[in-house]
Structures are given as C-alpha cells and as structure tokens.
Amino acid sequence: MPVRINPSILSADFVNIERDIGRVASADFVHVDVMDNHFVPNLTFGPQMVGRIQDVSPLPLDVHLMIEDPDRWAPGYAELGAYSVTFHAEAAADAVGLARRLREIGARAGIAVKPGTAIEPYLELLTEFDQVLVMTVEPGFGGQSFIESVMPKLTALSAAVSTSGLDVWLQVDGGVDENTIAIAAAAGADTFVAGSSVFNSGDPAANIAALRAAADLV
Ligand SMILES: O=C(CO)[C@H](O)[C@H](O)COP(=O)(O)O
Ligand SMILES: [Fe+2]
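All values reported here derive from a predicted model rather than from experimental measurement. (Residues numbered from 1 in each chain as written. Chains lettered and ligands numbered in written order. Predicted model: local features only at pLDDT ≥ 70, side-chain atom pairs only at ≥ 80, totals over all residues.)

## A closer look at the environment of glutamate 124
Rule in force here: For helices the rule is a DSSP run of H or I covering at least 4 residues; for strands it is a run of E covering at least 2, with both sets numbered from the N terminus onward. We call a residue exposed when 12 or fewer other C-beta atoms sit within 10 Å of its C-beta, buried when the count reaches 20 or more, and partly exposed for counts in between; the C-beta positions come from the backbone.
With respect to the helices and strands, the residue glutamate 124 is situated in the loop between helix 5 (120-123) and strand 6 (131-135). Among the residues examined, glutamate 124 registers 9 C-beta atoms within 10 Å and is labelled exposed. Taking the C-alpha atoms as reference points, glutamate 124 and asparagine 37, 87 residues apart in sequence, are found 31 Å from one another.

## Some points on the UniProt feature "active site" (unreviewed entry) in the chain
The cut-off we apply is this: UniProt positions are given in the numbering used here, feature names are shortened, and annotations may be inferred rather than shown by experiment. Contact definition: two residues whose C-beta atoms, as placed from backbone geometry, lie within 7 Å.
Those places that UniProt annotates as "active site" (unreviewed entry) correspond, in this numbering, to Asp33 and Asp173. The greatest C-alpha distance among the annotated residues, which extend across 141 residues, is 10.6 Å, indicating that they converge on a single site. The buried category is assigned to aspartate 33, around which 24 C-beta atoms lie within 10 Å. For aspartate 33, the contacting residues outside a window of four places in its chain are Ser8, Leu10, Thr44, His64 and Met66. Structurally, aspartate 173 is set in strand 7 (residues 169-173). Classification of aspartate 173 by C-beta neighbours within 10 Å gives buried; the count is 27. Ignoring any residue separated from it by four or fewer positions in sequence, one finds aspartate 173 in contact with His64, Leu133, Met135, Thr136 and Val193.

## A closer look at the pairing of strand 2 (residues 30-35)
Cut-off, in case you're wondering: Pairing between strands is defined by DSSP: at least two bridges between the two strands are required. Note on handedness: a clockwise path from strand one over the helix to strand two, with the strands aimed away from the viewer, defines a right-handed crossover.
Counted residue by residue, strand 2 has 6 buried out of 6 residues, so it is predominantly covered. What you see with strand 2 is no split at all: Val30, Val32 and Val34 on one side and His31, Asp33 and Met35 on the other are buried throughout. In the sheet, strand 2 pairs with strand 3 (residues 61-66) via 6 bridges, with the strands oriented parallel. By the bridge assignment, methionine 35 is partnered in strand 3 with methionine 66. Taken together, strand 2, helix 2 (residues 47-56) and strand 3 constitute a β-α-β crossover, and its handedness is right-handed.

## Thoughts on the sheet that holds strand 2
By way of backbone hydrogen bonds, the strands of a sheet pair with one another, either parallel or antiparallel. As a reminder, the rule being used: In this description, a line fitted to the C-alpha atoms serves as the axis of each element, helices being fitted only across the stretch in contact, and the angle between N-to-C directions of two axes falls anywhere from 0 to 180 degrees.
With parallel pairing, 8 strands are arranged side by side in an open sheet as 1-8-7-6-5-4-3-2. Two strands bound the open sheet, and with one partner strand each, they are strand 1 (4-7) and strand 2. The average angle at which neighbouring strand axes cross in this sheet is 20°, direction not considered. Sitting on the sheet, helix 4 (residues 95-105) is in contact with strand 4 (84-88) and strand 5 (108-113), with an inclination near 150° to strand 5.

## Points about the site of ligand 1
Going by this rule: Nearness here is judged by the C-beta atom: place it from the backbone, and if it falls within 6 Å of a molecule or strand, the residue counts as near that partner.
In the neighbourhood of ligand 1, 23 residues make up the surrounding shell, with Ser8, Pro139, Gly142, Gly195 and Ser196 lying closest. Listing elements by their share of the shell around ligand 1, those giving two or more residues are strand 2, strand 3, strand 8 (191-194) and helix 8 (196-199).

## Quick word on the UniProt feature "binding site: substrate" (unreviewed entry) in the chain
With numbering matched to this structure, UniProt assigns "binding site: substrate" (unreviewed entry) to Ser8, His64, Gly140, Phe141, Gly142, Gly143, Asp173, Gly174, Gly175, Gly195 and Ser196. Along the chain, histidine 64 falls in strand 3. Among the residues examined, histidine 64 registers 27 C-beta atoms within 10 Å and is labelled buried. Apart from residues lying up to four places away in sequence, histidine 64 is in contact with His31, Val32, Asp33, Val34, Thr86, Ala112, Leu133 and Asp173. Within the fold, glycine 174 resides in the loop between strand 7 and helix 7 (180-187). By C-beta crowding, glycine 174 is classed as buried, having 26 other C-beta atoms within 10 Å.

## With respect to the pairing of strand 8
Here strand 8 shows a buried face lined by Thr191 and Val193 and a second buried face lined by Phe192 and Ala194. Sheet topology places strand 1 next to strand 8; 4 bridges connect them, and they run parallel. Each bridged residue has a counterpart across the sheet, and for isoleucine 5 the counterpart in strand 8 is phenylalanine 192.

Structure below.
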C-alpha cells in the first residue's frame, strides 16, 4: 500500500514557514490549513500567503480549506498551482460541481467530512473526487486527540474504493502520531496529515520516517 505523509504547517513557525518546509522535504506533500474564522473558530491565511508558500515549497501543496463558501474561493487555490484542493462537504453548496471545476483547472479534488458528518452520501460519488479527507478531530486546531470512533467511515470508504477500482486517496487529519497512524492505516487510510507529531518535538525528518514506518507495518 502506498503511504503518503503530509506534514501540516499549522504546527510550523509562521514567520519561518520556508525554513520549516525545508525540514520536512522527505515527506510527500505539504498540508496547508486555510481557516476563515467562520467555518472554524480559528484564522490562518488566504490565497496570497498560500501562493507564496507554493513559490518556495519543494513539495507539492495539499490545501485543506476550512472555510465557508468554498464554491467561490476554492478554484483560486487550484489556479495558483496547488496539487490538491480539499473543501468541506458541510460548507459546499454544490460539491460535485466544485470538484469538477477544480479538476478542470488541474488540481486533484478532495472532499472533507467532520467527525459528525456521515460518509454514506459520498460513497456513491467517488468518481467525482480524487481524495476523501476523514477528519479525526474537530477541525480548527492542531494538537487535539485522535477520534478513533470515526474509523468505520474509513472502512466503508476503503471497501467502496476497492469495489469501484478507482484510485481515490483516503486521508486522515488530526491527532495522527506513531500510535494512531497504525489504527488509521488498518482502517484503510493511505494519506496521513500530521502537524504536532512532526513539528513539536524532536527532528521533523526523523518523525516523518517514524510515521512512515509505523504506517508501513500495517
Ligand atoms: O486540519 C487541521 C486542524 O483542523 C490540521 O491539519 C490538523 O489538526 C493537524 O494537526 P495535528 O496533527 O496537531 O492534529
Ligand atoms: Fe488539515
């Protein structure tokens, strides 16, 4: 199984983002959390900042939009060159239409669900998305504990992806560390976002290697 490790720069030093991205160059993608203080009670940055991160990053960007009205704003992130743009199912007016627009622009289209949002409606729509992000914390903040009770959503997604034969990546985000990554991998996740467990202690490159090894064991 391919394992993708996407460090979240929510846990980076915001005045040294370029330096901190350099420290995670052994990862697969840089996960960029855009928060608007409306969809979630926190505020990070918008397209101008993400555009600069795109300019300096040696890794492609995996943009996670925790914003209201993604139908209006998400295409702009695809236009600035993000590799993948993931918007929340709870916020989109026309999730399928938006995903099609993102693909037309050239980005991978992702849909995210909060812990309390059912996955069943999206199992029928897998042809429309390149990745599905199952939140394992309530979106908004780094450093929270992994919610294991959402794992059945990954099991259901994994079965649906296998049946369909599609190459849809299954991502988890929130509370992913050396222990919880194995739980998520066993449930079917292949793409792992990690903020605090990569940046907050020790050496980020060693932390990435440890996460990769723990997911690979599954
Ligand atoms: O989307 C997010 C929060 O809404 C972040 O990507 C996530 O929290 C990563 O941080 P950590 O690994 O510390 O939980
Ligand atoms: Fe995220």
